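Structural overview
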Amino acid sequence: MNTQEYLSLPRNFATIAIHSAQEPEKWEHLSVVPPIVTSTIFKHLSPAVPKLYAYGRAGNPSRNTLEECLAAIEGAKHGLCFASGLGSMTTVLGLFASGDHIICSDNLFWGTANLFDKVGKPLGLDFTFTDVTDVKEVEKCVKTNTKMIWIETPTNPTLTVIDIRAVSKIAEKHKIILAVDNTFLTPYFQRPLELGADLSVYSLTKYMNGHSDVIMGAIVLNDETLHTKLRFLQNAMGIVPSPFDSAQVNRSLKTLALRMQQHSKNALAVAKFLEGHPNVDKVLHPADILLFFYQGLPSHPQHTLFKKQTAGHSGMVSFYIKGDLQQTKRFLQSLKVFILTESLGGYESLAEAPSIMTHASVPEDQKKKIGILDNLVRLSVGLEDVDDLIRDLNQALEIK
Ligand SMILES: Cc1ncc(COP(=O)(O)O)c(C=O)c1O
């Protein structure tokens, strides 16, 4: 029997998210909600002596408030925001020079793989895409010019779990940066820096903002040297977010803990329902009970690993419907509460077919290898009443 417990939820998370970097005293008018500062320019006290800010690309009070809050909720020293999740990844690539080598998972959000392959490679960076669930394989890929290992866990859309601690040991041994895309779980459920990673990277567009109305990204870290370099690149490459968007995300962090708890509960109920449905072939969700019933393995390695490095799971559930692409399309078009679209992490429930939507451009052999089949459906379970969600899935699954 599996006795591994989940990690504890981070202490005082909601209090930190609500109060950290939000002190009214830092504004002259003592505003409780941080102001949206739209000015791109700030008067100098004397020539070449700005007070705190000089030019909006280099720093902005609304953005810096969010950056400090992001660092605080992860118990980290520094946070940096970018104009999108991919913008944060592009900025990370700016750390390297032509000829440098990067090891990355062969099971990544397609946009990350696309950025590495189509933008990083032509710039002279060398990438090895490999199965990072096999830690020995990762070590075999290390070369003298390897500078970074990039992983995402759990992966999008198959929810495969990667052992952050094990990969971090390899990174540490070879003095390589480890970056973890933590978009799917947020620091409420998973804290990569505490597990040995150097960079915790986010698409804030998803759960962190949670209202499907902002595109933004972030990097959270402790290392001073990397922070100085990334702070320079943030300004030099200029992939910065607007003050309006920064204020939206800063607002959204106040309810992150509550939202994640409810996403998690709803997703588990949905996964259990799906698991018992005759028109469902297999459910992908890292919670134990499902793996127990599905694979008959109470000590499934992924399940134990998942519990060892997280405090719970978000609203992401994937499943294989019984049938082919036509059946998948019929199911998706029959949904009435779930909205048929890409993306994830908002308050509303979403459904999509990765093989022809988010992951359509993944080469066919790779899709097969990692399980992105035509009958795979990815759900982002939102915050609606869960009975309505289950009723919706049930009626759509019944349609032949
Ligand atoms: C896991 C993951 N990382 C990064 C991104 C990219 O983020 P953005 O769309 O904010 O550029 C996405 C977008 O779907 C994602 O799912």
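On a predicted model such as this, the values are computed, not experimentally measured, just so you know.

Taken together, five strands build an open sheet; the order of strands is β10-β11-β14-β13-β12 and the sheet is mixed. At either margin of the open sheet sits one strand with a lone partner, and together these are β10 (280-284) and β12 (339-340). As paired elements, strand β11 (residues 316-321) and strand β14 (residues 376-380) share five bridges and run antiparallel to each other. Directly across from Val317, in β14, lies its bridge partner Leu379.

Glancing now at the pairing of strand β3 (residues 78-82). The buried fraction of β3 is high, at five of five residues. The pairing of β3 with strand β9 (residues 217-221) spans five bridges and is antiparallel. Across the sheet, residue Cys81 finds its bridge partner in β9, namely Ala218.

A word on the sheet that holds strand β5 (residues 126-130). Reading across from one edge, β3-β9-β8-β7-β6-β4-β5 is the order of the seven strands in this open sheet, with mixed pairing throughout. The open sheet has two edge strands with one neighbour each: β3 and β5. On average, adjacent strands in this sheet sit at an angle of 20° to one another, irrespective of strand direction. Relative to β9, strand β8 (residues 199-203) runs antiparallel, the two being bridged by five bridges. If you follow Leu199 over to β9, its bridge partner there is Leu221. The strands touched by helix α4 (residues 110-120) are β4 (101-105), β5 and β6 (146-152); relative to β5, the strand with the most contacts, the crossing angle is about 150°. Against the sheet, helix α8 (residues 224-237) contacts β3, β7 (177-181), β8 and β9, and its axis sits at roughly 25° relative to β3.

Two elements in contact, helix α3 (residues 85-93) and α8, have axes separated by 10 Å at closest approach and are oriented at 115°. With respect to α8, the element α3 is oriented roughly perpendicular. Handedness of the α3/α8 crossing: right-handed. Each of Thr90, Thr91 and Val92 in α3 lies in contact with α8, whose residues at this interface are Leu230, Leu233, Gln234 and Met237. Residue composition of the contact of α3 with α8, by class: four nonpolar, three polar and no charged.

The sites that carry the UniProt feature "modified residue: N6-(pyridoxal phosphate)lysine" (unreviewed entry) are, in the present numbering, Lys206. By the secondary structure assignment, Lys206 is in the loop between β8 and β9. Among all residues touching Lys206, those that are not within four sequence positions of it are Thr183, Ser343, Leu344 and Gly345.

So, on to the site of the ligand. Not every one of the 13 residues close to the ligand is listed here, only the nearest: Gly85, Leu86, Asp181, Ser203 and Thr205. Interatomic distance of 3.3 Å between a side-chain N/O atom of Asn156 and an oxygen atom of the ligand. For the ligand, a nitrogen atom lies 2.6 Å from a polar atom in the side chain of Asp181. Element by element, the count of residues in the shell around the ligand is highest for α3, at three residues. Per-class residue counts for the shell around the ligand are five nonpolar, six polar and two charged.

With that settled, the discussion passes to the environment of Gly382. With respect to the helices, strands and loops of the structure, Gly382 is situated in the loop between β14 and α15 (386-398). Given a relative accessible area of 0%, Gly382 falls into the buried group. Taking the C-alpha atoms as reference, Gly382 lies 9.8 Å from Ser314; in sequence the two are 68 residues apart. Apart from the residues lying within four places of it in its own chain, the contact partners of Gly382 are His263, Asn266, Gly346, Tyr347, Glu348, Ser349 and Leu389.

Formed by 34 residues in total, the largest nonpolar core has its most connected members in Leu66, Leu70, Ile73, Leu204, Met208 and Leu253. Put simply, the parts of the chain that give this core at least two residues each are α1 (13-19), α2 (61-73), α7 (186-189), β9, α9 (243-253), α10 (256-275) and α12 (301-309). Sorting elements by how many residues they give to this core places α2 first, with four residues. Once residues lying within four places of it in the same chain are set aside, the contact partners of Met208 are Leu70, Ile73, Thr186, Pro187, Tyr202, Val249, Ser252, Leu253, Leu256 and Arg259. Within the second largest apolar cluster, 25 residues are counted, among which are Leu93, Leu95, Leu108 and Trp150.

Now for the domain arrangement of the chain. When its domains are assigned, the chain resolves into domain 1 (13-253) and domain 2 (256-398). Contacts between the two partners involve 38 residues from domain 1, matched on the other side by 42 residues from domain 2. Here domain 1 packs against domain 2, burying approximately 3200 Å² in sum over the two surfaces, 60% of which is carbon and sulfur. In this assembly, domain 1 and domain 2 are joined by one salt bridge. Seen at the junction of domain 1 and domain 2, the total is 22 residue pairs in polar contact (both at pLDDT 80 or more). It is α7 that provides the largest number of residues to the side of domain 1 that touches domain 2, a total of three residues. When its residues are assigned to classes, the side of domain 1 that touches domain 2 shows 20 nonpolar, 14 polar and four charged.

As a further point, take the state of the cysteines. In protein structure, a disulfide is the covalent linkage between the sulfur atoms of two cysteines. Applying the stated criterion to the full structure yields zero disulfides. Cys81 forms no disulfide, and the closest cysteine sulfur to it belongs to Cys69, at a distance of 10.0 Å. By relative accessible area, Cys81 is classed as buried at 0%. Take Cys141: it sits in no disulfide, and the sulfur closest to it among the cysteines is that of Cys104, at 9.6 Å. A relative accessible area of 12% places Cys141 in the buried class.

Procedures and definitions
Residues numbered from 1 in each chain as written. Predicted model: local features only at pLDDT ≥ 70, side-chain atom pairs only at ≥ 80, totals over all residues. Heavy atoms only, no water. Pairing = 2+ DSSP bridges. Helix = DSSP H or I, 4+ residues; strand = E, 2+ residues; numbered from the N terminus. Buried < 20%, exposed > 50% of the residue type's maximum accessible area, 1.4 Å probe, protein only. Axes fitted to C-alpha atoms, helices over the stretch in contact; angles between N-to-C directions. Contact = heavy atoms within 4.5 Å. Parallel < 35°, antiparallel > 145°, perpendicular 65-115°, else oblique. Left-handed = near helix turned anticlockwise from the far one by under 90°. Nonpolar A, V, L, I, M, F, W, Y, C, P; charged D, E, K, R; others polar. UniProt positions renumbered as here; feature names shortened; annotations may be inferred. Near = heavy atom within 4 Å. Polar contact = N/O pair within 3.5 Å; in protein donor to acceptor, adjacent residues only side chain to side chain. Core = buried A, V, L, I, M, F, W, Y, C linked by side-chain atoms within 4.5 Å. Domains from an automatic or database assignment. Buried area = accessible area lost by both parts, 1.4 Å probe. Salt bridge = Lys/Arg side-chain N within 4 Å of Asp/Glu carboxyl O. Disulfide = S-S within 2.5 Å.

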